[in-house]
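# Breakdown of the fold
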Amino acid sequence: MAADQLKPNADLSKQSLQVTVWEGYLPEELPKRVKEKLKVENMNIAYHDTNETAMAKLTASGDSGVDVAFVSGQYAQALNEQGLLEPIHPELIPNLANLYPEATQLSYDKGNKYSVPYTWGTTGICYRSDLVKTPPTSWNDLLKPPAWADKKVTMMTTERWLALPALKALGYSVNTDKDEEIEKVREALMAQKPHLLTYDDTTFGDRLVSGEALMVEAWDGWCPTTNEKQNIKFVVPKEGSDLWVDTMVIMKSSKNKEAAHALINYILDPEIHSWAAENINYKVPNKAAMDRVKIAPGSLLGITPAELLNGESIIDLGQASTKYSRLSADVKAK
């Protein structure tokens with residue numbers, strides 16, 4: 001839809017919103033507040049557990065029925081390359097001005113042409129400092145766990161993050177598409193598998209709290225370092241890590257594009273956007289929002305945008321992405 005076809009003063013009471021997002025990623029009362037603030041009568045939220053689930057939903061037909069989707073950066077890139085995304089119309093999202101300058105320089109979408117960043121962070125090792133004999137410093141502490149951690153380690157299953165520890169430990173780019181490097185990663189993950197407790201994208205924090213796990217691969221915000229009862233810490237391994245970004249995108253098939261832009265603009269309001277930092281412990285790329293957040297000494301929320309940009313951004317690899325799908329299926333199947 002061309003910019004001149006979008007109406008800045010459209011009657012949003014005649015539009016509705018269908019959103020797909022990870023559970024717990026938005027305030028529960030958001031639909032009520034959207035109705036009050038934006039006059040959108042009906043906002044329905046559906047949940048997906050992984051990016052892969054979201055992609056299956058969004059690409060299954062010409063019209064998924066979704067207006068706004070939350071997906072990680074490289075998946076937004078893939079959706080755009082398939083022609084499924086509406087370009088972002090900045091004139092309808094004045095709160096874009098609240099974003100850090102660094103948030104416009106993300107390699108999968110420089111200038112935020114088709115996506116708007118919602119949260120960002122990095123990946124590392126989350127661990128029980130009171131139970132490990134030696135604090136982890138390397139991805140190899142997960143890939144080749146010491147005897148005291150045998151079967152007390154978890155890894156994530158989402159394709160690119162399953163591969164990340166081995167890629168970095170071997171000195172490779174997180175975006176490599178070289179067959180020989182991916183084969184080395186497969187060998188490392190297969191050798192690790194007998195020593196794992198399980199693969200887990202969602203409950204690894206609970207496993208740490210209970211003591212079932214001692215070390216886990218984790219996104220920083222999901223590492224429960226704020227749990228006052230347990231000594232849980234987070235470290236970015238010495239070999240380096242990624243910069244991940246979860247984004248908001250508008251589907252080209254949406255019939256409610258003005259409402260979709262208005263929703264994103266409302267989420268970028270500092271009062272709304274700061275909710276994510278305060279409630280799910282994820283940094284948001286919104287300076288005005290982060291300025292509202294009380295950050296405790298040593299909190300992962302204190303990682304600066306400049307520090308985050310030291311991580312390697314994961315980008316979509318087009319057809320080569322299937323190499324990681326095969327890698328993941330192979331590792332988890334055997």
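Presented here is a report on the structure given in the accompanying data block. Every chain's residues receive numbers from 1 upward, in the order its sequence appears when written. For a predicted model such as this one, the threshold for reporting local features is a pLDDT of at least 70, and the threshold for listing and counting side-chain atom pairs is 80 or more; totals across whole chains, interfaces and linings nevertheless cover every residue. Side-chain measures here rest on the full set of heavy atoms in the structure, leaving out hydrogens and waters.

Any two strands between which DSSP finds at least two bridges are classified as paired. To qualify as a helix, a DSSP run of H or I must reach at least 4 residues; to qualify as a strand, a run of E must reach at least 2; elements of each kind are numbered from the N terminus. With mixed pairing, five strands are arranged side by side in an open sheet as β7-β6-β8-β5-β9. A strand with exactly one partner marks an edge of an open sheet, and here the two such strands are β7 (198-199) and β9 (232-235). Sheet analysis places strand β6 (residues 153-155) next to strand β8 (residues 215-219), joined by two bridges and oriented parallel. If you follow Val153 over to β8, its bridge partner there is Met215.

Looking now at the state of the cysteines. Here, the term disulfide refers to a pair of cysteine sulfur atoms separated by no more than 2.5 Å. Counted according to the given criterion, the structure contains one disulfide. Paired through a disulfide, Cys126 and Cys223 show a sulfur-sulfur distance of 2.0 Å. With the S-S dihedral at roughly 80 degrees, the linkage between Cys126 and Cys223 falls on the right-handed side. With Cys126 in strand β5 (residues 123-128) and Cys223 in the loop between β8 and β9, this residue pair connects regions lying 97 residues apart in the sequence. Only protein chains enter the accessibility calculation, which uses a 1.4 Å probe; a residue whose area is less than 20% of its type maximum is buried, one above 50% is exposed, and one in between is partly exposed. Cys126 sits in the buried class, given a relative accessible area of 0%. A relative accessible area of 1% means that Cys223 is categorised as buried.

Before going further, it helps to spend a moment on the nonpolar core. The set of buried Ala, Val, Leu, Ile, Met, Phe, Trp, Tyr and Cys residues whose side-chain atoms join them within 4.5 Å is what this entry labels a nonpolar core. Counting residues in hydrophobic clusters, the biggest one holds 108 residues, and the most contacted among them are Tyr25, Leu30, Val34, Phe70, Tyr118 and Leu263. Among the elements that make up this core, the one with the highest residue count is helix α8 (residues 257-267) (seven residues). Excluding residues that lie within four positions of it along the chain, Val34 makes contacts with Leu17, Lys39, Val40, Met43, Leu263 and Tyr266. Any pair of residues with heavy atoms lying within 4.5 Å of one another is described as a contacting pair.

Let us look at the packing of helix α6 (residues 179-192) against helix α12 (residues 321-333). Helix packing for two helices is described by the angle between their axes and how far apart those axes are. One can describe the packing of α6 onto α12 by two numbers: an axis separation of 10 Å at closest approach and a directional angle of 20 degrees. Classified by the angle their axes make, α6 and α12 are roughly parallel. The two elements α6 and α12 meet at a crossing, and its hand is right-handed. Contacts from Asp179, Ile182, Val185, Arg186, Leu189 and Met190 of α6 reach α12 at Lys323, Tyr324, Leu327, Asp330 and Val331. The angle between two axes is taken between their N-to-C directions and runs from 0 to 180 degrees, where each axis is a line fitted to C-alpha atoms and a helix contributes only its stretch in contact. With respect to orientation, any angle under 35 degrees is reported as roughly parallel, any angle over 145 as roughly antiparallel, any angle of 65 to 115 as roughly perpendicular, and every other angle as oblique. Note on convention: near helix rotated counterclockwise from far helix by under a right angle means a left-handed crossing. Clockwise means right-handed.

Function cannot be read off these values alone, since they describe shape.
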